[in-house]
Amino acid sequence: MNNDVDYEQDRGLARDFLVNFADIHGEAKYMNILYKDSDDEFVRKVTENTKRYIGIFAEAIDELMPEPTEPFVDDDHDILMTQRAEEGTENADGSDLFQKMPAEIKREVYIHASSKDRPFTIREVKASYIGQLVRISGIVTRCSDVKPLMQVAVYTCEDCGFEIYQEVTARVFMPLFECPSNRCKTNNTKGNLILQLRASKFLKFQEAKIQELAEHVPKGHIPRSMTIHLRGELTRKVAPGDVVELSGIFLPIPYTGFRAMRAGLVADTYLEAMSVTHFKRKYEEYELRNDEEEHIARLSEDGDIYNKLSRSLAPEIYGHEDVKKALLLLLVGAPHRKLKDGMQIRGDVHICLMGDPGVAKSQLLKHIINVAPRGVYTTGRGSSGVGLTAAVQKDPVTNEMVLEGGALVLADMGICAIDEFDKMEESDRTAIHEVMEQQTVSIAKAGITTSLNARTAVLAAANPAWGRYDLRRTPAENINLPPALLSRFDLLWLILDKADMDTDLELARHVVYVHQNKESPALGFTPLEPSVLRAYIASARKVSPSVPRELEEYIASAYSSIRQEEARSDTPHSYTTIRTLLSILRLSAALARLRFSSIVEQSDVDEALRLMQMSKFSLYSDDRQKSGLDAISDIYSILRDEAARTNRLDISYAHALNWISRKGYSEAQLKECLEEYAALNVWQIHPNTFDIRFIDA
């Protein structure tokens, strides 16, 4: 009896609560309740016993909701409800519980958790939270298909003609076979019931698996996962690879059938989802707020935005200006081209960073994954061919064989970063070939033959064949990747760790500053936050630039000259194919997107060619070959540049020796240079101290 009193009391409280805080829409289809004061005792009760209060709120809503003023969009549903209303008054027996239409046919109730506190991790949700409203965050690893789940079964009796309703509260139920109505009992007839599927109520139902985020896993543990049940309007909101925050009711689910006999006392748990929030929205779904639109409009008018955006990528990492520019273009990408006959030309930019140990390759990869709205990070040794493409597994819900996407499929419409690319097995690396050019993963396993979409940009990081780049060997021997794979990368960047006193000093100062202050030294401007970068890139990706006719000849001649250069050199350090021409077009389109321009300009093509040239320059053994100067000319250019920088005509011999020794030249070479240029009357040399005085022309 006491329970009934409590129930009525809570129902009255729920009704008052709704009256105070409800916003009933004009068409009387929805009721939104927004309650902000979370200190209230009643809200605490609701949070701690949500499963019970959903039923209480549902009954209170049924009392308060006015009749709908507009017909339902679904004609079938509307006709059925009208017929039931007319017939129900004529021949239904009001005292019979089975003949009362359940309110579940007409409504669904969701209770959202407050977003004030931080969400739980999966391992923090323990038995004490059973029946409570909890909020958890994680990454979705698997989603089942959306299937119908029966909520109310409706039967028609062949004898008495009444509609019989049966509410279904569990995943399994026993159908009724004999009519339970009072008329059939009085007449002592066992009326045969026919299940009316069209009149029954089915909910959309989807099962998902959510896994802990890597940063929440304690050391030495493996990530935990939890089953999520999504119903009604919440289905199709998540996809594998999404990082989401879910609020829902934590509930146990007993095993049924043969599994119950095997399980004994063990029960499973799941989260009945009430709301879904995405952490990172896809570029296509990005909606700019008013302040963001103004900010991006101001940024786009800045003439130096290309440099600012690239320097905002991992500002804590010293140098690598051109590498960061290339990575920015990878984030922006180029538009996909679809030809009339269905053939597709990819727009994603693939980049491979090859370099010595300790040049921050992995840190750059991690930062790019952080900025991108959808990214998957994996390493070469830790990835098998199946883990990258797709695995065949048995679906626990339906017992069918289903495909579970690997890293490349999870990163669809995003970026897949593969670290330690050189450590991968050759058989596993071949799985990437098709993804990089055709952007699909073709599978023929366990009777499943299909192609999965993998429209992903591949960002790989690798070490040279002997750990460090060996200048005595040819580039082809050092790189040690097959030409078929190399030609698929738009940019192959070689980052060599050369000893240079000036650069090393600057780098060391930068690293010490970052270590002390946990931020990068002043860049001359405020680096853009990853959220602002995402918003800018989302806006830029809406532009679809095209190449004008007047640039066709310019691009074609640039490509042919690259081919001629490679043919003349004895040891080609890159494999220039027609894919290189497509790479130039892709990089140019990405640069045009950054300017919000719908037409590619010559400056974009020049910058794309410069990036390709700079990526090759890193191969040369030292700077002298790069500049094409001999030692004497290079020493002269160093001294002239230093004199211009310090704005003076006199240079002491000690200073000159210090500058050129940093660049790896000897004192004998300096004296030879002094004599040669003194003979040309460029400077005068003091006979005793060897100090230099430039003759100002």
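Under an unreviewed UniProt entry, the protein chain has the name DNA replication licensing factor MCM7 and belongs to Chenopodium quinoa. The UniProt entry for the protein chain carries this comment under Subcellular location (unreviewed entry): "Nucleus". Under the UniProt heading Sequence similarities (unreviewed entry), the entry covering the protein chain gives this text: "Belongs to the MCM family."

Enquirer: Provide a residue-level description of the nonpolar core, including the pertinent values.
Expert: In terms of nonpolar packing, the biggest core is built from 56 residues, with I351 and I415 touching the most fellow members. In terms of residues, this core owes the most to one element, helix 9 (residues 321-332), which gives eight residues. Other than its neighbours up to four places away in sequence, I415 contacts L330, L331, I368, I369, A372, R374, G375, V376, T456, A457 and L459. Within the second largest apolar cluster, 32 residues are counted, among which are V376, C416, A462 and F489.

Enquirer: Tell me about the pattern of salt bridges, and name the residues and values.
Expert: Applying the stated criterion across every chain yields a total of 14 salt bridges. Among the ionic pairs, E212 bridges to R123, the shortest N-O distance being 3.0 Å. In this pair, E212 sits in the loop between strand 7 (201-211) and strand 8 (225-231) while R123 sits in the loop between helix 4 (75-91) and strand 3 (133-143), placing the two residues 89 residues apart along the sequence. Neither E212 nor R123 differs from the other in exposure class; each is buried. We note a salt bridge from D604 to R595, for which the minimum N-O separation is 2.5 Å. With a relative accessible area of 5%, D604 lands in the buried category. Since its relative accessible area comes to 33%, R595 is described here as partly exposed.

Enquirer: Give a detailed account of the sheet that holds strand 20 (residues 457-462), specifying residues and quantitative values.
Expert: One open sheet accounts for five strands, arranged 14-17-20-13-21; its pairing is parallel. Single-partner strands in this sheet number two, and they are strand 14 (375-379) and strand 21 (491-495). Here the strands of the sheet are splayed against their neighbours by 15° on average, with no regard to which way each runs.

Enquirer: Give me the pairing of strand 17 (residues 415-419): which residues, what numbers.
Expert: Most of strand 17 sits inside the fold, with five of its five residues counted as buried. Here strand 17 shows no split at all, with I415, A417 and D419 on one side and C416 and I418 on the other all buried. The sheet contact formed by strand 14 and strand 17 spans five bridges and is parallel. Residue T378 lies in a different strand from strand 17, and its bridge partner there is I418. Relative to strand 20, strand 17 runs parallel, the two sharing four bridges. In the sheet register, C416 faces strand 20, and the bridge partner there is V458.

Enquirer: Before we move on, can you summarise the sheet that holds strand 23 (residues 683-685) with the specific residues and values?
Expert: Pairing is antiparallel across the open sheet formed by three strands, whose spatial order is 22-24-23. The strands lining the two open edges of the sheet, one partner per strand, are strand 22 (650-651) and strand 23. Taken strand by strand, helix 22 (residues 631-646) contacts strand 22, strand 23 and strand 24 (692-694), and its axis lies near 70° from that of strand 24. On the sheet, helix 24 (residues 667-679) packs against strand 23 and strand 24 and is oriented at approximately 125° with respect to strand 23.

Enquirer: Help me get a handle on the packing of aromatic side chains, residues and values and all.
Expert: In this structure the tally under the stated criterion is eight aromatic pairs. Ring plane angle 50° and centroid distance 5.7 Å describe the contact between Y653 and F690, whose orientation is recorded as tilted. With Y653 in helix 23 (residues 653-662) and F690 in the loop between strand 23 and strand 24, this residue pair connects regions lying 37 residues apart in the sequence. Relative to F694, the ring of W683 lies with its centre 5.4 Å away and its plane at 85°, an arrangement referred to as edge-to-face. In this pair, W683 sits in strand 23 while F694 sits in strand 24, placing the two residues 11 residues apart along the sequence. Given a relative accessible area of 12%, F694 falls into the buried group. Feature note: the residues Y636, Y677, W683 and F694 constitute an aromatic cluster, connected by ring pairs.

Enquirer: Account for the side chain of S583, with residues named and values stated.
Expert: Within the secondary structure, S583 is located in helix 19 (residues 578-594). Since its relative accessible area comes to 3%, S583 is described here as buried. Looking at S583, its side chain comes within polar contact range of the side chain of D490, at 2.7 Å.

Enquirer: Can you lay out the environment of A60 for me, pointing to particular residues and giving the numbers?
Expert: Relative to the helices and strands, A60 is located in helix 3 (residues 50-64). Each C-alpha atom of the pair A60 and D16 lies 9.0 Å from the other, and the pair is 44 residues apart in sequence.

Enquirer: Break down helix 22 for me, citing the residues and quoting the values.
Expert: With 16 residues, helix 22 ought to run about 22 Å at 1.5 Å a step, and its terminal C-alpha atoms sit 23 Å apart, in line with that. A631, I632, D634, I635, Y636, S637, I638, L639, E642 and A643 are the residues of helix 22 that are buried. N647, located one to two residues past helix 22, shows a positive phi value of around 60°.

Enquirer: Explain the packing of helix 9 against helix 19 residue by residue, including any values.
Expert: Contact geometry for helix 9 and helix 19: axes closest at 9 Å, N-to-C directions at 85°. By the angle class used here, helix 9 and helix 19 are roughly perpendicular. Counted together, L328, L329 and V332 of helix 9 and L587, A590, L591, R593 and L594 of helix 19 form the full contact between these two elements. For the contact of helix 9 with helix 19, the residue count by class is seven nonpolar, no polar and one charged.

Enquirer: Got a sec to walk through the state of the cysteines? Specific residues and values, please.
Expert: Counting across every chain of the model gives zero disulfides. Here C179 is not cross-linked by a disulfide; its sulfur's nearest cysteine counterpart is in C157, at 3.6 Å.

Cut-off values and rules
Counting from 1, residues in each chain are numbered in the order their sequence is written. The predicted nature of this model means local features are confined to residues of pLDDT at least 70 and side-chain atom pairs, given and counted, to a pLDDT of 80 or more, with totals for whole chains, interfaces and linings taken over all residues. Where side-chain values are given, they derive from all heavy atoms of the structure, hydrogens and water being excluded. UniProt positions are given in the numbering used here, feature names are shortened, and annotations may be inferred rather than shown by experiment. Put simply, buried Ala, Val, Leu, Ile, Met, Phe, Trp, Tyr and Cys residues joined by side-chain atoms within 4.5 Å make one nonpolar core. Exposed residues in this analysis have more than 50% of their type's maximum accessible area, buried residues have under 20%, and partly exposed residues fall in between, with area computed by a 1.4 Å probe over protein chains only. Working definition: helices are DSSP H or I runs of at least four residues, strands are E runs of at least two. Numbering for both runs from the N terminus. By the convention used here, residues are in contact when the closest approach between their heavy atoms is within 4.5 Å. Salt bridges are counted wherever a side-chain nitrogen of Lys or Arg sits within 4 Å of a carboxyl oxygen of Asp or Glu. At least two DSSP bridges between two strands are needed for those strands to be called paired. Orientation is described by lines fitted to C-alpha atoms, with helices fitted over the stretch in contact, and by angles between N-to-C directions that extend from 0 to 180 degrees. When the centres of two rings from Phe, Tyr and Trp lie within 6.5 Å, Trp using its six-membered ring, the rings pair. Their planes under 30 degrees apart give stacked, over 60 give edge-to-face, and anything left gives tilted. In the analysis that follows, any N or O atom pair within 3.5 Å is treated as a polar contact, provided that within protein one partner can donate a hydrogen and the other can accept it, and provided that, for residues neighboring in sequence, both atoms belong to side chains. In a helix, the anticipated span is given by 1.5 Å times the number of residues less one. Throughout this description, any angle smaller than 35 degrees is read as roughly parallel, any larger than 145 degrees as roughly antiparallel, any in the 65 to 115 degree range as roughly perpendicular, and the remainder as oblique. The residue classification treats Ala, Val, Leu, Ile, Met, Phe, Trp, Tyr, Cys and Pro as nonpolar and Asp, Glu, Lys and Arg as charged. All others, Gly included, are polar. The term disulfide is used for any two cysteine sulfur atoms that are within 2.5 Å.

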